[in-house]
Amino acid sequence: MELLQESAPFPSITMDKKVLLDMLLVKLHSVVNIARTLNMHSQLRKLELFLRDSGGYCDFDNLVPEMLKLPFYDAERVIDEYEMWSLQNQLLPSSASSKVRGFFFCRSNPLAYRIRMRLEMQKLIKKLDKIGRYRRHFKFYFCSTFPLRVRGLSHTRASVHYSGVVGRDIDRDIVVEMLLKSGNEANLFVFPVVGVGGIGKTTLAKLVYNDPRIVSHFQLRLWVRVSPVFKVEKVLEQIVNSVREDFCEKLDVNELQNLVCEALYENKYLIVLDDVWNEDPVKWDELKKLLTVGACGSKILVTTRNEAVASVMGTVPAYCLKGLLSEDCLTLLLIKAFEQGQEVLYPNLIGIASDIVQKCEGNPLLLVILGSSLRMETNEQEWDDVNDHDMWNSNQNDKILPALRMSYERLPSNLKVCLAYCSIFPKGCVIEIDKMIQLWVAQGLISQSDESQDLEDIGIQYFQKLLSRSFFQDVVEYRSIFTSICTLHDLVHDLALSAAGIEFCTVNSHIQNISDEVRHVAFSDYDFSGKELPASLLNNQALRTISFSIDGVGPMSTMFIENCIARFMQLRVLDISDSCFDELPSSVGELTYLRYLDVSGNGSIKELPDSVNKLWRLQTLRVSHCARLEGLPRDIGNLISLRHLHITTKQACFPDEGIGCLSSLCSLHIHSCNNLVSLSEGLQHLTSLRTLAIIGCPRLTFFPSTMKHLTALENLLIVDCEELTLLEWQDIEGLRMLRSLVIGGLPELESKDVQCLGNLKMLVLAGLQQLVTLPRWLEGSSATLQYLRVERCPNFAALPKWLENLTSLEKLEISKCCKLSSLPEGMSCLTNLKVLRIDN
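Note that the structure is a prediction, hence the values are computed from the model and not measured.

### Quick word on the environment of Asn278
Turning to its location among the elements, Asn278 is positioned in the loop between strand E5 (269-274) and helix H11 (281-291). Here Asn278 falls in the buried class, since its relative accessible area comes to 9%. In the structure, Asn278 is positioned 35 residues away from Met313 in sequence and 9.3 Å away in space, judged by C-alpha atoms. Those residues in contact with Asn278 that sit more than four places away from it in its chain are Phe230, Lys283, Trp284 and Val309. Only 3.1 Å separates the side chain of Asn278 from the backbone nitrogen of Asp280, close enough to count as a polar contact.

### Observations concerning the nonpolar core
Leu47, Trp383, Trp440 and Phe472 are the most contacted members of the largest nonpolar core, which totals 105 residues. Examining the composition of this core, we find that eleven residues originate from one element, helix H1 (residues 17-37), more than from any other. If we ignore the near neighbours within four places in the chain, the residues touching Phe472 are Cys422, Met436, Trp440, Phe463, Leu466, Leu467, Cys486, Thr487 and Leu488. Formed by 95 residues, the second largest nonpolar core is a distinct cluster that contains Phe560, Leu608, Cys721 and Trp777.

### Concerning the packing of aromatic side chains
The full count for this structure, using the stated rule, is ten aromatic pairs. A ring pair is formed by Tyr82 and Trp85, whose centres lie 6.1 Å apart and whose planes are at 40°; its orientation type is tilted. On the criterion of helical spacing, the pair formed by Tyr82 and Trp85 is a turn pair, its members being three residues apart in helix H3 (residues 64-91). With a relative accessible area of 16%, Trp85 lands in the buried category. Where Phe189 meets Phe191, the ring centres are 6.4 Å apart and the plane angle is 50°; that geometry is what we call tilted. One aromatic cluster is present, built from ring pairs that chain together Phe338, Tyr346 and Trp383. Residue placement shows Arg221 over the ring face of Tyr209; its charged tip is 4.6 Å from the ring centre. Against the face of Phe189 rests Lys299, its NZ or CZ located 4.8 Å from the ring centre.

### What about a negative patch on the surface?
On the surface, a cluster of negative charge is made up of Glu562, Asp582, Glu583, Glu607 and Asp610. Secondary-structure assignment places Glu607 in the loop between strand E15 (596-598) and strand E16 (620-623). Note on Glu607: relative accessible area 58%, which makes it exposed.

### Some points on the sheet that holds E5
Here we have five strands laid out as an open sheet, ordered E4-E5-E6-E3-E7, and parallel in their pairing. Two strands bound the open sheet, and with one partner strand each, they are strand E4 (220-225) and strand E7 (319-320). In the packing of helix H7 (residues 201-209) onto the sheet, contacts are made with strand E3 (189-194), E4, E5 and strand E6 (299-304), and the angle to E4 comes to roughly 165°.

### Observations concerning the state of the cysteines
Within the structure shown, the criterion is met by zero disulfides. There is no disulfide at Cys429, and the cysteine sulfur nearest it, in Cys486, is 8.7 Å away. According to the relative accessible area criterion, Cys429 is buried, its value standing at 14%.

Parameters and conventions
Residues numbered from 1 in each chain as written. Predicted model: local features only at pLDDT ≥ 70, side-chain atom pairs only at ≥ 80, totals over all residues. Heavy atoms only, no water. Helix = DSSP H or I, 4+ residues; strand = E, 2+ residues; numbered from the N terminus. Buried < 20%, exposed > 50% of the residue type's maximum accessible area, 1.4 Å probe, protein only. Contact = heavy atoms within 4.5 Å. Polar contact = N/O pair within 3.5 Å; in protein donor to acceptor, adjacent residues only side chain to side chain. Core = buried A, V, L, I, M, F, W, Y, C linked by side-chain atoms within 4.5 Å. Phe/Tyr/Trp six-rings, centres within 6.5 Å; stacked < 30°, edge-to-face > 60°. Lys NZ or Arg CZ within 6 Å of the ring centre and 35° of its normal. Patch = residues over 30% accessible without salt bridge, like charges linked within 9 Å, V, L, I, M, F, W, Y side chains within 5 Å. Areas by Shrake-Rupley, 256 points an atom, 1.4 Å probe, with all protein chains shown as cover. Salt bridge = Lys/Arg side-chain N within 4 Å of Asp/Glu carboxyl O. Lys, Arg positive; Asp, Glu negative; His and termini not counted. Charge placed at Lys NZ, Arg CZ, Asp CG, Glu CD. Pairing = 2+ DSSP bridges. Axes fitted to C-alpha atoms, helices over the stretch in contact; angles between N-to-C directions. Disulfide = S-S within 2.5 Å.

Here it is in structure tokens:
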């Protein structure tokens, strides 16, 4: 573990010399391989010389970050050019006429291409020489933390992360008693909990929410995470989705109001409104009126940092949540820093830990993250460096508390850049883990040592490391939106913003000056109906990301999109989801660097332009919940780099020559295709497919027989397909690599005894009206199944005796299965069981 720099200010990615050099070295390794492939020996020798001499970095002054960034972008350009040339050669026809026609096209002409690549490498080497001359005056030392070789990857999905709750029993009991207390039952009771960021308001609310006294007292409990931008319809939508426990399509305000009224009417409910920022009494009154349909004794628990919010919303004085007691602080830090019981082996470290916790002022979030950053660290010097660090006395970056900043500083460079990029997500939002990893890949933040490594697997490993350090929280697997999700605490989001530095910018209607160094832009509170871009952004030709950060508000003008495309030709990510323009401009095909395109949630668009097929680098295409989309372009198979496809179309079937030609496809999500009757037989060609999700396809009646050829498939989700039966398992008996299976909303499930699921680790059964007990075929997974959840199965009456054979089971959850009255006697045989949760 590297030593913390005592006097350095908190650096952003753009000014962190170590991170910049680590990233440059990763890119140069790729350039070396390109030079070797093209037999450019003189360039190869110079590049290898720089790499050999750059096993570390020197303590450059503040001029050097700019020196490092320039060759980084040059190296990236060389890699992009080579990638484009390779992809185009794969697609070029072999006919003589095509060769003649392509000879004069620069990328297709080998001679012209080699000349241009030689010039690009010479420009790069010239900048590297300048750094080399500059660094000779300094002493180098090894510190590279951006891994050039990544080994031992986990191929499992990210697991749910639990953190112990310490020292909140008294606070929990006080809040529970307030919520159970009788009062003026004629009025809606609203109880605010107020405290600073990270003090544990949400954790306390969860303890209260799950307390047995609360569970038995209220007929209905609902949890709503409130966006910083308070919108009544968004709160109503979350209430509806919580009650239904599935994802509802976009509904208008009247429909939402009716559904909320229906859900709450004459029920004694508890609603938790978590992390509220709204101080506008008019908006609160509007929401409050819609919630007063419940039975007498209904209560609302509000968590907020803002005392003004508590004053506006509360009907009783707020409960002010204080920091933990010193002994609880020490316990929490040690829980995170050591395996259970191991801390007693290091009494000196416990003494240092006692000093550290005094500086965290009882804040649990800071203790958890700082303790996680010291996980299994037994070097006393490392603990002393943290305890004595100058950041504790620094007044810089007031919003980023010293413990957070130090924990961030202890991350390796690859994790720093990935966490910084998370600033593109709006504060307080739920993050889809797969989407986040796909964005990391699109921006080149994930590196592989050889082509056999899967970038998404490396991304999962990055995520798990950040999760283990508590930078992410609230991880939930396959709920509601049928994907794994997580959140960033607001303080961690502030940290990511600070780390991203000048390269990230949120653009709103008030912003005037945008730096030329901005690379990633999130539009917020901007006039999307017009066609104008901010004047200070117009000349930024190096922009890499355009995103629209407010849920439900994307661009409304095709002209606005055209202007973005015309101005920002180096875009790698274009997220224009939740928009309502009628047509995606054909000029989108000119975005030759584009890796990620999201048009999801557009209710107006009817077709994608054929020029989309020119996006040979495109890795992720999301066009789900586009209810009017007629189909995909005819030559969609030209997208030879496409790895992830999310679609909603009006097609009755997918042409065999369409999706079946996407040989690189790793995940296919088919959402809400109301006319879809059958899947393409061409699925058999998707030999790289690892995830297949079919959600909300009510007319789909069978799987093609070619399903059995999907031998790489690991994750299968089949939800709300009312006509689809899984009686004929022989069609998918070839899926021997299947690790997770989610089945919901199907008419029948039982089948013959099959033993094809010998690698299954996770099974979720939800909304199966006819399910009485577990299907017999699950016994075939007795040695591997780790997670089993059964929910909303009203006729589920018994767990079978052979459940005791599931000896690898670690987690069993049963929810809303009202006929289940007992557990089988052999439960004691489940020696690996860590979590047993049964409710309702």
